[in-house]
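# Architecture and fold: a report
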Amino acid sequence: RILGSPIPPTYTRHTSRILALHVGIVPFAFLANKGWGMFISTALLSYVLVGIDEIGVEIEHPFPLLPMQQLCMGIQRDVIQIVNTHRNMPFL
């Protein structure tokens, strides 16, 4: 059910565009008031915000990132072991 309910692509595009607009305009707004130090600190903050945006995009699609095949094979092996153990037990 989680896999079947994706985040709308319009939402992702909108947040990325707003972030790009913010990253492009805010450093120049602070440049006149505080000089190059504010420009550099704003650029570093923008780098962090873009990183958070990229993490959010990756979190929207978690299943390709997870080792699902290995996890499922491990669970299947454990279930088969439990079934075989109970199969050999005497019936009460």
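Note that the coordinates shown come from a computational prediction; the quantities given were computed from them, not determined experimentally.

### Thoughts on helix 2 (residues 36-60)
- Taking 1.5 Å as the rise per residue, helix 2 with 25 residues should run 36 Å; its terminal C-alpha atoms sit 36 Å apart, in good agreement.
- Those residues of helix 2 not exposed but buried are Thr42, Ser46 and Asp53.

### Examining the side chain of Asp53
- Counting through the fold element by element, Asp53 comes out in helix 2.
- This buried residue, Asp53, is left without a salt bridge; Arg17 holds the nearest opposite charge, at 11 Å.
- Asp53 has contacts with Thr15, Ser16 and Leu19, leaving out every residue within four places of it along the chain.

### Remarks on a nonpolar patch on the surface
- A cluster of nonpolar side chains, namely Leu45, Tyr47, Val48 and Ile52, defines an oily patch on the protein surface of about 450 Å² accessible area.
- Looking at the secondary structure, you find Val48 in helix 2.

Scoring rules and cut-offs
- Residues numbered from 1 in each chain as written.
- Predicted model: local features only at pLDDT ≥ 70, side-chain atom pairs only at ≥ 80, totals over all residues.
- Heavy atoms only, no water.
- Helix = DSSP H or I, 4+ residues; strand = E, 2+ residues; numbered from the N terminus.
- Expected span 1.5 Å × (residues − 1).
- Buried < 20%, exposed > 50% of the residue type's maximum accessible area, 1.4 Å probe, protein only.
- Lys, Arg positive; Asp, Glu negative; His and termini not counted.
- Salt bridge = Lys/Arg side-chain N within 4 Å of Asp/Glu carboxyl O.
- Contact = heavy atoms within 4.5 Å.
- Patch = residues over 30% accessible without salt bridge, like charges linked within 9 Å, V, L, I, M, F, W, Y side chains within 5 Å.
- Areas by Shrake-Rupley, 256 points an atom, 1.4 Å probe, with all protein chains shown as cover.

The quantities given are spatial measurements derived from coordinates; they are silent on function.
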